[in-house]
Amino acid sequence: MITNRLSLTTLLLQIIALAVLCLIAGTTVLANTERAKEHFNAGLTAEQNGDEAGAITSYEAAIAEDADFTDAYINLGAIHFRQKNYEQALQSFKTATEKDQQNADAFANLGRVEYALKKYAEAEMAFKAAAGLKPDNPNLCKELGKVYYKKKNYPEVINAFVKCHQLGGGDYLSYFMLGKAYQKQNNMNEAIASLQRSVGLRGDYYNAHSALGSIYLSQEKYRSAAGAFQAAMSADPSKYRAAYNYAVAAEQSNPEDYDTNIANWENFIRVARKNPKASKDVAVAQDHVKELKEAKGKADLQ
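Please read all numbers here as calculations on a predicted model, not as lab measurements.

Student: Looking at this structure, how should I read the overall build of the chain?
Tutor: Counting its secondary structure elements, the chain contains 15 helices and zero strands. Buried positions account for 39% of the 302 residues belonging to the chain. Contacts in the chain between residues at least 24 apart in sequence constitute 45% of all its contacts with a sequence separation of at least 6.

What follows is the structure in structure tokens.
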């Protein structure tokens, strides 16, 4: 009986000691968590004041106190991303996804930095994970569409951007890429509609005007092509290709308007003369201007 009592007493003391240790550990964890929050809030304040270096220090201090503080990793990664420290941003966002596998923002940010690093296969996986957590988020569909565009997976580009637009998202760039994807799939009606939507959202977007002009030119719709290339020239007067295509389309539309056609080709020559890539086209255009002037001279004599 004495032995049993001693054993019970010993067991009771061990239980008490363990409880005390757990209490101390819990108190320590609570204290660490509170300090982590304080550092995190200091980081937010530093960011608001434009002090990114101070914010980085505070977020790193928060992580040192609480290694599972997902938001601190995300905010830290966002600063590195803005500073184009992509490898550091990659590590922060990757850790955030490992700490919280239900955090769509962590996966989306991971995808964005992988996209910036041209790791398109990895970016696709990250955006798919984010979209799986937030299936009705149009921005995630847009991000996926951009990745597919880089991978030249045009059917998936179409699927992603159509869903993005159905969900109320998208912008001039998403409509442009959708239009180009339709063009690659030889669906010219949808390509034209999407590109028109792009220039409707941003009237000075050169690429969409130029793409529209190219489609119209291939369809021998010369007046429409000329209008599109003229808009492209207005958007960016330095682009010699638009000036060239405009001269072609305008001349095809009205071949006997010699004065206008000569002026258009001379404008192309002026724009392209100093560009080494356009040297052959400039030479051809110069010869063609001579031909037009000769034709004009003959027409004037009649």
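From this point, the narrative continues.
Student: Would you mind showing me how to read the packing of aromatic side chains here?
Tutor: Each aromatic ring pair is described using two quantities: the centre-to-centre distance and the angle formed by the ring planes. In the structure shown here, the tally under the stated rule is eleven aromatic pairs. Ring geometry for Phe 176 against Tyr 205: centres 5.4 Å apart, planes inclined by 85 degrees, an arrangement best described as edge-to-face. Residue Phe 176 is found in helix α9 (residues 172-184), and its partner Tyr 205 is found in the loop between α10 (188-201) and α11 (206-218); the two are separated by 29 residues along the sequence. Ring geometry for Trp 265 and Phe 268: centres 6.2 Å apart, planes at 90 degrees, overall edge-to-face. With Trp 265 and Phe 268 both in helix α14 (residues 258-272) and three residues apart, the pair spans about one turn of that helix. Of the two residues, Trp 265 and Phe 268, neither departs from the other in class, the shared state being buried.

Student: Any chance you could explain the side chain of Ser 198 here in plain terms?
Tutor: Examined against the element boundaries, Ser 198 turns out to sit in helix α10. Relative accessible area serves as the criterion here: at 0%, Ser 198 is assigned to the buried category. Dropping the residues within four chain positions of it, Ser 198 is found in contact with Tyr 172, Tyr 175, Phe 176, Tyr 205 and Ala 208.

Student: In this structure, what is going on with unusual backbone geometry? I would like to understand it.
Tutor: In terms of backbone geometry, most residues other than glycine have negative phi values and most peptide bonds are trans. Phi angles above zero are rare outside glycine, and Lys 118 is one such case at about 65 degrees. Relative to the elements of secondary structure, Lys 118 occurs in the loop between α5 (104-116) and α6 (120-133). Of note, Glu 220 is a non-glycine position whose phi angle comes to about 60 degrees, a positive value. Summarising the element assignment, Glu 220 is placed in the loop between α11 and α12 (222-235). By relative accessible area, Glu 220 is classed as exposed at 56%.

Student: Where do I start with the confidence of the model for the chain in this structure?
Tutor: The predicted coordinates ought not to be read in detail in places where the model reports low pLDDT. With 90% of its residues at a pLDDT of at least 70, the chain reaches an overall mean of 91. Contacts for the low-pLDDT stretch residues 1-6, under 50 throughout, to residues beyond four places or in other chains number zero contacts. Ignoring residues within four places in sequence, the model shows residues 25-29, a span with pLDDT below 50, making zero contacts including any to other chains.

Student: Can you help me understand α9 in this one?
Tutor: One full turn of an α-helix is made of 3.6 residues, so residues set three or four places apart face in the same direction. Under the 1.5 Å per step criterion, the end-to-end length of α9 is 18 Å for 13 residues, consistent within 8% with the ideal 18 Å. Regarding α9, the residues found buried are Ser 174, Tyr 175, Phe 176, Met 177, Leu 178, Gly 179, Ala 181, Tyr 182 and Gln 183. Structurally, the start of α9 carries an N-cap: the backbone nitrogen of Leu 173 is 3.1 Å from a side-chain oxygen of Asp 171. One or two residues past the end of α9 sits Asn 186, with phi positive at roughly 60 degrees.

Student: Can you help me understand the pattern of salt bridges in this one?
Tutor: Where charged atoms of side chains with opposite charge meet at close range, the side chains can pair. Inspection of the entire model under this criterion finds 15 salt bridges. Between Asp 204 and Arg 202 there is a salt bridge whose closest N-O contact spans 2.8 Å. Under the relative-accessibility criterion, Asp 204 is labelled partly exposed at 44%. For Asp 300, the salt bridge is made with Lys 296, and the minimal N-O distance between the two is 2.9 Å. Taken together, the residues span about one helical turn, with Asp 300 and Lys 296 both in helix α15 (residues 279-301) at a distance of four residues. Since its relative accessible area comes to 53%, Asp 300 is described here as exposed.

Student: Help me understand the environment of Met 177, please; the structure alone is not making it clear to me.
Tutor: For Met 177, the location among the structural elements is in helix α9. Through-space distance from the C-alpha of Met 177 to that of Tyr 149 is 7.1 Å; in sequence the pair is 28 residues apart. In this structure, Met 177 is in contact with Lys 146, Tyr 149, Val 157 and Phe 161, ignoring residues within four places of it in sequence.

Student: What exactly am I supposed to notice about the nonpolar core here?
Tutor: Soluble globular proteins tend to bury their nonpolar side chains together. Formed by 57 residues in total, the largest nonpolar core has its most connected members in Phe 176, Leu 195, Leu 212, Trp 265 and Phe 268. Sort the elements by how many residues they give to this core and helix α13 (residues 240-253) lands first, with eight residues. Residue contacts for Phe 176: discarding those within four places in its chain leaves Tyr 149, Leu 195, Ser 198, Tyr 205, Asn 207, Ala 208 and Ala 211. Counting residues in hydrophobic clusters, the runner-up holds 22 residues, among them Phe 40, Ala 55, Tyr 73 and Leu 76.

Student: How do you make sense of the side chain of Asn 264 when you look at a structure like this?
Tutor: Within the secondary structure, Asn 264 is located in helix α14. Judged by relative accessible area, which is 12%, Asn 264 ranks as buried. Dropping the residues within four chain positions of it, Asn 264 is found in contact with Tyr 246, Ala 247 and Ala 250.

Thresholds, definitions, all that
Residues numbered from 1 in each chain as written. Predicted model: local features only at pLDDT ≥ 70, side-chain atom pairs only at ≥ 80, totals over all residues. Heavy atoms only, no water. Helix = DSSP H or I, 4+ residues; strand = E, 2+ residues; numbered from the N terminus. Buried < 20%, exposed > 50% of the residue type's maximum accessible area, 1.4 Å probe, protein only. Contact = heavy atoms within 4.5 Å. Phe/Tyr/Trp six-rings, centres within 6.5 Å; stacked < 30°, edge-to-face > 60°. pLDDT = per-residue confidence, 0-100. Expected span 1.5 Å × (residues − 1). Polar contact = N/O pair within 3.5 Å; in protein donor to acceptor, adjacent residues only side chain to side chain. Salt bridge = Lys/Arg side-chain N within 4 Å of Asp/Glu carboxyl O. Core = buried A, V, L, I, M, F, W, Y, C linked by side-chain atoms within 4.5 Å.

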